[in-house]
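# Structure at a glance
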Amino acid sequence: MAYKKNGIWLTALAILTAAVIWVLACTPRAAPVPLAVPNTGSVTGSTSTPMAQVPGTNPAEADWAKVVSAAQKESQLTIYSDRASGDTWKNLVDVFTARYGVKVQGIAGRGAELLERMKVEQRTGQAVADLIISGPTSSVAVSKEGFTSSLLDLPEVRQQDIWISSPAYDPQALVLFFSITPPFFPVVNTKLVKPDDEPRTWQDLLQPRWKGQILMDDPSVTGGGNIWTGLSLEYKIFDMAYLEKLARQDVVLTRNYTEAFTMIGTGERAMALAQPLHQTFVSFVVKGAPLKAVDLKDGGVTSAYVVNMVKKPAHLNAARLFANWLLTEEGQTTWSREMQYWPIRKGVSVATHPSLVFKNPTKIVVPTLEDNEAIVKYVREGSIAKLFKK
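A short tour of the structure in this document, coming up.

## Looking at the overall build of the protein
Across its full length, the protein holds 12 helices and 17 strands. Across the 390 residues that make up the protein, the buried fraction comes to 56%. Sequence-distant contacts, at least 24 apart, represent 77% of the contacts inside the protein between residues at least 6 apart. A total of about 16,200 Å² of accessible surface is found on the protein, and carbon and sulfur atoms cover 52% of it.

Spelled out as structure tokens, the structure:
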């Protein structure tokens, strides 16, 4: 596969239960930089002293101490996110609240739907959300429409040489990049699909055995289906002709990740495509669902995970504090551990569930700003979605 200008390539290599993730620069000769060493051991958060208790002696630190103090007076904030539910979300925000004394209300939903809700709030001047945490495709779009505020002045964003890629996803940091999703690999029902029958490449999905057996996230809207198909086309993992053939496999579309894993787990279909392999998937596996993510030899794509701060948030300082915390060592460790995403801060190690440790060396791409503009185009044009219409 060719390198894409301004792209970021990762190579994930797992041996037994440990995985070492490396970040490769945009040119083939660039030396690898260690990103993280997921393992099965316990993980502890940062033990650094809260900023609120140690005001800095220079102006920047003193100004940030004022932000922390003001956030504590606001005492709360509201976050929209598809991750904002369940024990993992509670565990995440409890760590933040314990450090700063600021409570977090999470409102869950699919990213595109929450962003549309935020846009209505902004147009009517009745903002509820302070932050939006989601995939980047919709986030980039709403930032261009002027509904989000810059986070460029956050202390962690100003840090140099500690990131695999700058948290500023765009020049003004209207979209803040803080995490990477695991790759979009097929998920199979292990009772229906034996090891010898598992696909080894994307082309294997075109075999007759899979006809009527595949479930896929809907590519007509922003989300897993759009990201997987769009980025795979952009990075030449497969082409449009491949998707035309895949559509002839009588693929069933869904817009609910939990529903998709439930259907595969109960045997209604044998395989799911374009489903994010994060904590939702892991929770099914932990409960005994016969699910397995199959890493393919010809690679896969991931997605960046980002945060937006809305225009004129009701809890401005608390919103800035939480966004900055997501980039700290503690925030990166906590988010990655609870959500099973990969950190962007160098040197952060997290426990990775065995179901997300992939044995085949795999080229994985983290989408750039240009990539996301390209895949939003596929939604707008409907060129991929029409292939799967019945």
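## Considerations on the sheet that holds strand β12 (residues 271-273)
As summarised here, the arrangement of the five strands in space is β11-β10-β12-β9-β13, forming an open sheet in which the pairing is mixed. Every other strand in the sheet has two partners, leaving β11 (252-254) and β13 (291-293) as the edge strands with one partner each. For this sheet the average axis-to-axis angle between neighbouring strands, irrespective of direction, equals 25 degrees. Pairing of strand β9 (residues 187-189) with β12 involves two bridges; the strand directions are antiparallel. By the bridge assignment, V187 is partnered in β12 with A272. Where helix α9 (residues 279-286) meets the sheet, its contacts fall on β9 and β13, and the angle it forms with β13 comes to roughly 140 degrees.

## As for helix α4 (residues 136-144)
Within α4, seven of the nine residues are buried, which leaves the element mostly enclosed by the surrounding structure. Of all the positions in α4, only P136, T137, S138, S139, V140, V142 and S143 are classed as buried. The elements touched by buried residues of α4 are α3 (111-124), β6 (131-134), β7 (148-149), α6 (224-234), β15 (304-310) and α12 (369-381). Backbone geometry just after α4 places G146 at a positive phi near 85 degrees.

## Thoughts on the nonpolar core
L77, W89, F96, I133, L176, F322 and W335 are the most contacted members of the largest nonpolar core, which totals 49 residues. At the level of secondary structure, the elements contributing two or more residues to this core comprise α1 (59-74), β4 (76-81), α2 (86-100), β6, β8 (176-180), β15, α10 (316-325) and α11 (329-339). It is α10 that provides the largest number of residues to this core, a total of six residues. If you look at the next biggest cluster of nonpolar residues, it comprises 48 residues, including V187, M216, Y235 and Y242.

## A word on the environment of D82
Relative to the elements of secondary structure, D82 occurs in the loop between β4 and α2. As for D82 and I132, which are separated by 50 residues in sequence, their C-alpha atoms are 9.3 Å apart.

## Some details on the packing of α3 against α4
When two helices pack together, their arrangement is captured by the angle between the axes and the distance separating the axes. Running from N to C, α3 and α4 point in directions that differ by 15 degrees, and their axes come no closer than 9 Å. Between α3 and α4, the interaxial angle falls into the category roughly parallel. Viewed along their axes, α3 and α4 form a crossing whose handedness is right-handed. Within the contact between the two elements, α3 uses A112, L115, M118 and K119 and α4 uses S138, S139 and V142. Here the residues of the contact of α3 with α4 sort into four nonpolar, two polar and one charged.

## What to know about the pairing of β4
Taking burial as the measure, the six residues of β4 include five buried ones, the bulk of the element. The handedness of the β4 to strand β5 (residues 103-108) crossover, carried by α2, is right-handed. Two elements, β4 and β6, share three bridges in a ladder whose sense is parallel. Following the sheet pairing, I79 is matched in β6 by L131.

## Details of the pattern of salt bridges
Under the counting rule described, the total for this entry stands at 13 salt bridges. A salt bridge links K119 to E116, with the shortest nitrogen-to-oxygen separation between them at 3.1 Å. Note that K119 and E116 are positioned in helix α3 at a spacing of three residues, about one turn of the helix. Look at E116 and you get partly exposed, because its relative accessible area is 42%. Close ionic contact of R123 with E145 constitutes a salt bridge, the shortest N to O distance being 3.8 Å. Remark: E145 occurs in the loop between α4 and β7 and R123 occurs in helix α3; sequence separation between them is 22 residues. When its relative accessible area of 39% is taken as the criterion, E145 is described as partly exposed. Through salt bridges with shared partners, a single ionic network connects E116, K119, R123 and E145.

The rules behind these values
- Residues numbered from 1 in each chain as written.
- Predicted model: local features only at pLDDT ≥ 70, side-chain atom pairs only at ≥ 80, totals over all residues.
- Heavy atoms only, no water.
- Helix = DSSP H or I, 4+ residues; strand = E, 2+ residues; numbered from the N terminus.
- Buried < 20%, exposed > 50% of the residue type's maximum accessible area, 1.4 Å probe, protein only.
- Contact = heavy atoms within 4.5 Å.
- Areas by Shrake-Rupley, 256 points an atom, 1.4 Å probe, with all protein chains shown as cover.
- Pairing = 2+ DSSP bridges.
- Axes fitted to C-alpha atoms, helices over the stretch in contact; angles between N-to-C directions.
- Core = buried A, V, L, I, M, F, W, Y, C linked by side-chain atoms within 4.5 Å.
- Parallel < 35°, antiparallel > 145°, perpendicular 65-115°, else oblique.
- Left-handed = near helix turned anticlockwise from the far one by under 90°.
- Nonpolar A, V, L, I, M, F, W, Y, C, P; charged D, E, K, R; others polar.
- Right-handed = clockwise from strand over helix to strand, strands pointing away.
- Salt bridge = Lys/Arg side-chain N within 4 Å of Asp/Glu carboxyl O.

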